Amino acid sequence: MPFGLWPVTADDAGWLRLHGAMRPAEVGMAVWSLLFHSGPIGDALAVPDTPAEALRLLAGLDTVYAPGGLLLTDSTTGVLVEPGCCCDLFEWRDWLGTLNGLLVDLGHSPAPEVEYHGEVVRVWAEGGDEATPPADRACVDVDRAALSDLLRSAQRDLVGFLDVTRIWANEVAPQQADQFLAALDAGLAISEPLPLPA
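Residues numbered from 1 in each chain as written. Predicted model: local features only at pLDDT ≥ 70, side-chain atom pairs only at ≥ 80, totals over all residues. Heavy atoms only, no water.

### Looking at unusual backbone geometry
Thinking step 1. Cis geometry marks the peptide bond from Ser-109 to Pro-110; its omega dihedral reads 10°.
Thinking step 2. Residue position: Pro-110 is located in the loop between β2 (80-81) and β3 (113-117).
Thinking step 3. In this structure, Ala-111 is a non-glycine residue whose phi angle is positive, near 60°.
Thinking step 4. For Ala-111, the location among the structural elements is in the loop between β2 and β3.
Thinking step 5. You will see that Ala-189, though not glycine, has its phi angle at about 50°, which is positive.
Thinking step 6. Tracing the chain through its elements places Ala-189 in the segment after α5 (174-187). (Helix = DSSP H or I, 4+ residues; strand = E, 2+ residues; numbered from the N terminus.)

As C-alpha cells, this is what we get:
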C-alpha cells in the first residue's frame, strides 16, 4: 500500500542514519518507520488519514519503536557491526553497560555480541546466539576509554535528528509538532543527559 501522508525516501538501501543534516524526505522516512513499527498500522495496515492524526497517534504511545540501534564501524578494517534482529533504536542507551563490563543485548541474528578483554571492548559482528560461533567472524575492538566519546557522538546525532524533525513536523502538522517532539525525545531518551564520567 503506498504511503501518501508526507514525502519519504524511495530507496530502501539499508540503515537510515539519523543526524542533523537529514533531508525532509529522510526525516519523513524515519517518522514513517516509527509510525509503522510503533502504532497499530503494522498489523492492521490502517494508516491515519492526516499527518496531524499520525503525529497525534505517535505522541500518545508509551514507547516508540524503530528497528535499529547504534552501528559500530572500524574505520581501519572496514568491519561493521550492525544491530541484530529485534534490536530497537530506543535501546541505544544500553551501550552504557559496556562502560561497566555488563552484558549488552544487541539483538538476534546476526547476533552481535560484546566481550571484555581488560580495557578493550570486543564487539563481534555475528554469532552470539550460536553454540559455536563462526571461526571467521569479524569484530571491532574499542578502548573502553573511547566509549564515552562514541556515545556522546551518537547522542549529538540524535539531538540533530530531533532538531531537523522539529522543523519537519512544524511544516507537516504544526498543531501536533510540540507534543510529537516531546514524545519522540522522551521515547528515544535523546536529550536526557548521559551518565558518563567527565
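### A few points about the packing of aromatic side chains
Thinking step 1. On inspection of all chains with the given rule, the structure shows three aromatic pairs.
Thinking step 2. Judged by centre distance (5.2 Å) and plane angle (15°), the ring pair of Trp-32 and Phe-36 falls under stacked. Residue Trp-32 and its partner Phe-36 are located together in helix α1 (residues 24-38), separated by four residues, close to a single helical turn.
Thinking step 3. Of the residues examined, Phe-36 reaches a relative accessible area of 25% and is grouped as partly exposed.
Thinking step 4. Each ring, one from Tyr-65 and one from Phe-90, has its centre 5.4 Å from the other, and the planes form 85°; the classification is edge-to-face. (Phe/Tyr/Trp six-rings, centres within 6.5 Å; stacked < 30°, edge-to-face > 60°. Buried < 20%, exposed > 50% of the residue type's maximum accessible area, 1.4 Å probe, protein only.)

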